[in-house]
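So the chains spell out like this:
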Amino acid sequence: MPEFSPSEPLQTVGRSPLRKEGLAKVVGQAKYVDDLSLPGMWYGATVRSSVARGRIRSIEFGPDIPWHEFTIVTAADIPGENVIVHLAKDHPCLAATHVNHPDEPILLLAHPDRAILPAAVAAVRVQYEELPAVFTIDESEAPDAPAIWQDPAAPAKNTFKQYLMQCGDEASLDEIFASADFIVEGEYRTGAQEQLYIENNGIIAEFDREAGVKVQGAMQCPYYVVHALQLVFNLPAEKCRVIQTETGGAFGGKEDFPSVIASHAALLAMKAGRPVKICYDRAEDLAGTTKRHPSRSRHRTAVSRDGRLLGGTIEVALDGGAYLTLTSTVLSRATIHAPGPYHWPALRVVGKAMATNLPPHGAFRGFGAPQSIFGTERHMNKIARTIGLTPEELRRRNLLRVGDRTATGQLITDTVDMQQLLTRALQETNYHAKREEFARTNPGSTIKRGIGFATFFHGSGFTGSGERRLDSLVEIEITPEGQPCILVSSTEFGQGTNTILCQVAAEALQLPYAFVQIAQPDTARVPNSGPTVASRTAMIVGKLVERAAYSLRDTLLHSGLLPGDYTEQDFRTAALAYVAQHGPLKSSVRYQSPGDIFWDDQNYRGEAYPAYAWAVYVAEVAVDTTTYSATCTHFYALQEVGRVLHPVLAKGQIEGGVAQGIGYALYEKCVWQRGHMANNQMTNYIMPTSADLPPIEVAFEEVPSIHGPFGAKGIGELPMDGPAPAILNAIEEATGIECDEIPLLPEDLFARMAMPQENAR
Amino acid sequence: MSTITLTVNGEPHRLEVPPMKRLLDVLREDLQLTGTKEGCGEGECGSCSVLLNGDLVNSCLVPVLQTEGATITTIEGVADLAGPGERLHPIQQCFLEHGGAQCGICTPGMILATHHLLEKYPQPDLSQIQEGLAGNLCRCTGYTRIFAAVQAAARMEGSK
């Protein structure tokens, strides 16, 4: 197989061709699920619980609604199992006897007139016998908490999952703490965050006794939906066809949830005997779908006088909501990222996920890492302050270097130099001069300015042995026009999947980018290349596309139909001749685990990820001590992400992630009232507008990685990790006040600044 | 039902519609112009932005009865604003080239807001762009690529 050599000039990779589906998007012709309509289609709606936890006593259908015109589905109509399967079977498709969170689906309605549905939903009256509920990590773990989630395999009451990750031995950790110069403790909290894709969740379903279920809509992972439908309908996979339509943003919010709405729409379609569309409005989407897991991190660290981390304990707790969904894998990533890019001689990390009576929390860009990195990067600043070092110096003395091992024992072989990244970032942001300037000017000003940073890494791809289990398959076929067409279930939802995979194939095939096509994901046509998550598309799926492209080219070269030096037209002629002689031409490749990757799922030891992206993010803030508002005034993001496949898309990914990170830190607060999101409107769940964001400067260092196509690593989640701690570190620089909880809204800052002086520096 | 006459993207229409039906729904359902998107239904996100007699409005907040006799431009009519039969308006071309569209769901509204902005300020500075687009939310881009697209479009228009 031809291998990529870094000296080879690249034709397509590293350039910025136009987004594959871009034209359709700028002229308004791209079809999202709510833009589609099928003949005879009805509309579906969901009746949801109004209590956090309880037994359903009765369901009554109120007067003044022509109920005979409706299709009504309850749990009793489910032909298979009443379950939405992700990692376990605890999550009902429709609540039958009990509800475990507010806004839990109980009953489904369909009607030809969309406008009549809200009144009908409101006319269904459900009576409950309410049961005691818990709403926070602290309440859930309290000794006298009601048992709200029980499973024989659960490690403790209300505990979905627990991980222990250790390096160095337990006894040595005790000795280290006993003899350390300093012991620094801290507690850090992060709130729930809404993905806030601008297109709400939506699905159109059809049902046919012979053909089975067919759904199309907004989603990240078509084969997850197939798997969910198989159980709900008790059908084989080939009778559960799933098609992704153009998807208006996802960020993890369309990873697990589409299995729910697809099952609901399909149940209505089965019973109504016609296509049914369910598209949530914003209020329902905000109240009823997943958010980022709230978290609490507790650090206790032994440090030497000269600023070396000697040992530590970190406890990361996540609020998983009422059902497991993807929580244990989110917890896994949170646990593995908790040590940060630092060398720990001895460390114990305990990760645990607690059940609460909130709607289940789910995937959101970063997937646990932003939570634990927030705690770690705030804690590093606390350690620095405690022992009298600058935040920079403390990090310089502890950053991982090539040849070091991470807390899972993974040897750092990437030729990354975090010291140099830090030097570059601080130079390019004029950090030292600004720090001095702000220290000089702040005392006389009501506007306090500060500059802070975070150093971090993010693992690309599924954790540990995850990619081996996914066993992804990628195909490239020759179309009737003689062009290569990539067949993957990896979806485009704005991040650039279509474009970068076509670039990779074009580069490997030595063909123009425009000549390479990619199919819309339809499980009747594309193989399972795994879910579109975990910063895995560029690196893992991209590598498979590269291999499939080489294999396709080799087939044509070996057939003698394609000359060694060929044009687009030669390729087309050869491909069509091959098809005429041998039948359809399709190259298939399956994931092969790199030989040097070993992972021990039980003890959390080994190569947690094939590769990491490394970053230093620097934030400047202005804190107005009259209004208590903190504003990020400049943001700088430097990262080493391997080869940048498409500079414009890559910068767009980083800028967009940083914007979400700024929102996470300063704007976006979910207000919970007994488990129900009370601010479930864009009017009062505030994300940054164009007027709220600072200039965002993006810089890359490119060290090609052997694991990705043409040296690429993952970048999608990385930019979510750094902004919140960098901003809060800058706020501490500006005000001398330690804020260890996000989101930090003006009212929160007011509460902190109005606290007694001993808490301030 | 009321009879409403209005012009959309240069075409006259006479519609029998409930008077309080949202302009957004009339465009999407009665005229099959699905390029105009709904993001929030309460005038916060700007995905449903259209030009109503040259003003930028959230079509989710406009009852159709208020559009009697009006001239409306949706994303499907933007290319024609550059000249009859044009495939793309310079704004669309610049959004495409500069990465101003990612998932694309806010793009139609963002392009109409940009058009409105450039009518008002043909060579806007960054703060005018930030202010002018502040009613249109984008969750993907962090707006930076959009600002670049708007600036490029202003340059393109200016050099005509």
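Residues numbered from 1 in each chain as written. Chains lettered and ligands numbered in written order. Predicted model: local features only at pLDDT ≥ 70, side-chain atom pairs only at ≥ 80, totals over all residues. Heavy atoms only, no water.

## Quick look at the overall build of chain A
Thinking step 1. Assigned secondary structure in chain A consists of 20 helices and 28 strands.
Thinking step 2. Since a compact globule built from 761 residues should have a radius of gyration of about 27 Å, the 26 Å found for chain A is in line with a globular shape.
Thinking step 3. Overall size of chain A, expressed as C-alpha extent along the three principal axes, is 75 × 70 × 50 Å.
Thinking step 4. In chain A, which comprises 761 residues, the share counted as buried stands at 64%.
Thinking step 5. For chain A, long-range pairs separated by at least 24 residues make up 81% of all intrachain contacts whose partners lie at least 6 apart in sequence.
Thinking step 6. Put simply, chain A shows about 25,800 Å² of open surface, and 50% of that area lies on carbon and sulfur atoms.
Thinking step 7. Computed over 67 positive and 88 negative side-chain charges, the separation of the two mean positions in chain A equals 1 Å. (Helix = DSSP H or I, 4+ residues; strand = E, 2+ residues; numbered from the N terminus. Rg over C-alpha atoms; globule rule 2.2 N^0.38 Å. Buried < 20%, exposed > 50% of the residue type's maximum accessible area, 1.4 Å probe, protein only. Contact = heavy atoms within 4.5 Å. Areas by Shrake-Rupley, 256 points an atom, 1.4 Å probe, with all protein chains shown as cover. Lys, Arg positive; Asp, Glu negative; His and termini not counted. Charge placed at Lys NZ, Arg CZ, Asp CG, Glu CD.)

## So, the domain arrangement of chain B
All names here are of chain B.
Thinking step 1. By the assigned domains, chain B splits into domain 1 (2-78) and domain 2 (79-158).
Thinking step 2. Its C-alpha centre places domain 1 at a distance of 20 Å from the equivalent point of domain 2.
Thinking step 3. Across the interface of domain 1 and domain 2, roughly 1,400 Å² is buried in total on both sides, 62% from carbon and sulfur atoms.
Thinking step 4. Summed over the three residues of domain 1 that lose the most area to domain 2, namely L56, I75 and V78, the buried surface amounts to 41% of that side.
Thinking step 5. Our count for the domain 1 to domain 2 interface comes out at zero salt bridges.
Thinking step 6. For the pair domain 1 and domain 2, the number of links is nine residue pairs in polar contact (both at pLDDT 80 or more).
Thinking step 7. Those elements that provide at least two residues to the side of domain 1 that touches domain 2 are β3 (49-52) and β4 (55-58).
Thinking step 8. It is β3 that provides the largest number of residues to the side of domain 1 that touches domain 2, a total of three residues. (Domains from an automatic or database assignment. Buried area = accessible area lost by both parts, 1.4 Å probe. Salt bridge = Lys/Arg side-chain N within 4 Å of Asp/Glu carboxyl O. Polar contact = N/O pair within 3.5 Å; in protein donor to acceptor, adjacent residues only side chain to side chain.)

## Some words on helix α4 (residues 107-120) of chain B
Residue and element names in this part refer to chain B.
Thinking step 1. For α4, which comprises 14 residues, the first-to-last C-alpha distance of 20 Å matches the rise-based estimate of 20 Å (1.5 Å per residue) to within 8%.
Thinking step 2. Of all the 14 residues making up α4, eleven are buried; the element is thus mostly covered by neighbouring parts of the structure.
Thinking step 3. T107, P108, G109, M110, I111, L112, A113, T114, H115, L117 and L118 are the residues of α4 that are buried. (Expected span 1.5 Å × (residues − 1).)

## Looking at the interface of chain B and chain A
Thinking step 1. Tallying the contact residues gives 44 residues for chain B and 51 residues for chain A.
Thinking step 2. Of all residues in chain B, L96, Q102 and R139 of chain B bury the most surface against chain A, accounting for 22% of the area lost on that side.
Thinking step 3. Counting across the interface, chain B meets chain A through five salt bridges.
Thinking step 4. Across the pair D35 of chain A and R28 of chain B runs a salt bridge whose closest N-O atoms are separated by 2.8 Å.
Thinking step 5. The tally of links between chain B and chain A comes to 27 residue pairs in polar contact (both at pLDDT 80 or more).
Thinking step 6. Of all elements in the fold, only α1 (23-30), α3 (90-97), α4, α5 (126-132) and α6 (144-158) of chain B reach the threshold of two or more residues within the side of chain B that touches chain A.

## Some words on the side chain of S304 of chain A
Residues and elements named next belong to chain A.
Thinking step 1. Position of S304 relative to the elements: it lies in the loop between β13 (295-303) and β14 (309-321).
Thinking step 2. By relative accessible area, S304 is classed as buried at 10%.
Thinking step 3. Beyond its immediate sequence surroundings of up to four residues, S304 is in contact with D181, F182, L310 and I387.

## Some points on unusual backbone geometry
Thinking step 1. I742 of chain A connects to P743 of chain A through a cis peptide bond whose omega is 0°.
Thinking step 2. Within the secondary structure, P743 of chain A sits in the loop between β28 (741-742) and α20 (746-753).
Thinking step 3. Unusually for a residue other than glycine, D471 of chain A sits at a positive phi of about 55°.
Thinking step 4. Within the element layout of this structure, D471 of chain A appears in the loop between α13 (466-470) and β17 (473-478).
Thinking step 5. With a phi close to 50°, N53 of chain B is a non-glycine residue in the positive phi region.
Thinking step 6. Residue classification places N53 of chain B among the exposed residues on the basis of a relative accessible area of 51%.

## Notes on the nonpolar core
Thinking step 1. Ranked by size, the top nonpolar core spans 96 residues in total, and within it F635, I727 and I731 of chain A carry the most contacts.
Thinking step 2. Counting residues per element, this core draws most heavily on helix α17 (residues 647-666) of chain A, at eight residues.
Thinking step 3. Shared between two domains, this core holds at least three residues of each, these being domain 1 (2-78) and domain 2 (79-158) of chain B.
Thinking step 4. Excluding anything up to four places from it in sequence, F635 of chain A contacts Y617, V618, A619, V658, I662, P694, P695, I696, E697, P723 and I727 of chain A.
Thinking step 5. I314, L399, Y431 and F453 of chain A belong to the second-largest nonpolar core, a separate cluster that totals 61 residues. (Core = buried A, V, L, I, M, F, W, Y, C linked by side-chain atoms within 4.5 Å.)

## Overview of the pattern of salt bridges
Thinking step 1. Counting across every chain of the model gives 55 salt bridges over all chains.
Thinking step 2. A cluster of three or more residues bridged by salt bridges with shared partners is formed by D138, E141, E187, R189, R296, R298, E315 and K352 of chain A.

## Focus on the packing of aromatic side chains
All names here are of chain A.
Thinking step 1. Inspection of every chain in the model, using the stated rule, returns 18 aromatic pairs over all chains.
Thinking step 2. Seen in terms of ring centroids, F457 and W614 are 5.1 Å apart; in terms of plane orientation they differ by 65°. Their pairing is edge-to-face. Of this pair, F457 sits in strand β16 (residues 447-460) while W614 sits in strand β23 (residues 611-624), and the two are 157 residues apart along the sequence. As far as the burial class goes, F457 and W614 line up, both buried.
Thinking step 3. Ring plane angle 85° and centroid distance 5.7 Å describe the contact between Y609 and Y612, whose orientation is recorded as edge-to-face. (Phe/Tyr/Trp six-rings, centres within 6.5 Å; stacked < 30°, edge-to-face > 60°.)

## A closer look at the sheet that holds strand β1 (residues 2-8) of chain B
Residues and elements named next belong to chain B.
Thinking step 1. Across the sheet, which stays open at both edges, the five strands sit in the order β2-β1-β5-β3-β4 with mixed pairing between neighbours. At either end of the open sheet lies a strand with only one pairing partner, and these are β2 (11-17) and β4. Going from strand to strand, the sheet's axes swing by 40° on average, the running direction of each strand aside.
Thinking step 2. Lying on the sheet, α1 is in contact with β1, β2, β3 and β5 (71-73); it crosses β2 at an angle near 105°. (Pairing = 2+ DSSP bridges. Axes fitted to C-alpha atoms, helices over the stretch in contact; angles between N-to-C directions.)

## Examining the pairing of β17 of chain A
Residue and element names in this part refer to chain A.
Thinking step 1. Counting buried residues along β17, six of its six residues qualify, which places the element largely inside the surrounding structure.
Thinking step 2. Taking every second residue as pointing to the same face, both faces of β17 are buried, with L473, E475 and E477 on one and V474, I476 and I478 on the other.
Thinking step 3. In this structure, the hairpin formed by β17 and strand β18 (residues 484-487) is closed by a connection of five residues, where G482 is found at a positive phi of approximately 80°.

## A short note on helix α19 (residues 723-735) of chain A
All names here are of chain A.
Thinking step 1. A rise of 1.5 Å per residue sets the reference length of α19, with its 13 residues, at 18 Å; its end C-alpha atoms lie 18 Å apart and thus fit the reference within 8%.
Thinking step 2. Burial analysis of α19 places twelve of its 13 residues in the buried class, which makes it a mostly covered element.
Thinking step 3. Listed in full, the buried residues belonging to α19 are P723, A724, P725, A726, I727, L728, N729, A730, I731, E732, A734 and T735.
Thinking step 4. Of the residues flanking the end of α19, it is G736, one or two places downstream, whose phi is positive at about 75°.

## Considerations on the environment of V504 of chain A
All names here are of chain A.
Thinking step 1. For V504, the position within the fold is in helix α14 (residues 497-509).
Thinking step 2. Through-space distance from the C-alpha of V504 to that of E315 is 41 Å; in sequence the pair is 189 residues apart.
Thinking step 3. Discounting chain neighbours no more than four positions away, the residues touching V504 are V13, G542, V545, E546, L645, P709 and F710.

## Thoughts on the side chain of Q216 of chain A
Thinking step 1. Position of Q216 of chain A relative to the elements: it lies in strand β10 (residues 212-217).
Thinking step 2. Once residues lying within four places of it in the same chain are set aside, the contact partners of Q216 of chain A are V33, L36, L38, I203, I204, E206, I243 and T245 of chain A.

## Description of the pairing of β1 of chain B
Residues and elements named next belong to chain B.
Thinking step 1. Sheet topology note: the β1/β2 ladder contains seven bridges and is antiparallel. Bridge assignment links T5 to a residue of β2, and that residue is R14.
Thinking step 2. Adjacent in sequence and paired antiparallel, β1 and β2 are bridged by two residues, among which N9 carries a positive phi angle near 50°.
Thinking step 3. Sheet topology note: the β1/β5 ladder contains two bridges and is parallel. Each bridged residue has a counterpart across the sheet, and for T7 the counterpart in β5 is T71.

## Some words on the sheet that holds strand β7 (residues 159-167) of chain A
Residues and elements named next belong to chain A.
Thinking step 1. Taken together, the six strands give an open sheet; going across it, the order is β7-β15-β14-β13-β8-β28, and neighbouring strands pair in mixed fashion. Bordering the open sheet on either side are β7 and β28, each of which pairs with just one other strand.
Thinking step 2. Pairing of strand β8 (residues 182-190) with β28, which is carried by two bridges, proceeds in the parallel orientation. Each bridged residue has a counterpart across the sheet, and for R189 the counterpart in β28 is E741.

## Concerning the packing of helix α8 (residues 327-337) of chain A against helix α9 (residues 369-387) of chain A
All names here are of chain A.
Thinking step 1. Contact geometry of α8 with α9 gives a least axis separation of 7 Å together with a crossing angle of 25°. As far as their axial angle goes, α9 and α8 are roughly parallel. Judged by the sense of rotation from one axis to the other, the crossing of α8 with α9 is right-handed. Residue-level contacts link R333, A334 and H337 of α8 to A369, S372 and I373 of α9.
Thinking step 2. Residue composition of the contact of α8 with α9, grouped by class: three nonpolar, two polar and one charged. (Parallel < 35°, antiparallel > 145°, perpendicular 65-115°, else oblique. Left-handed = near helix turned anticlockwise from the far one by under 90°. Nonpolar A, V, L, I, M, F, W, Y, C, P; charged D, E, K, R; others polar.)

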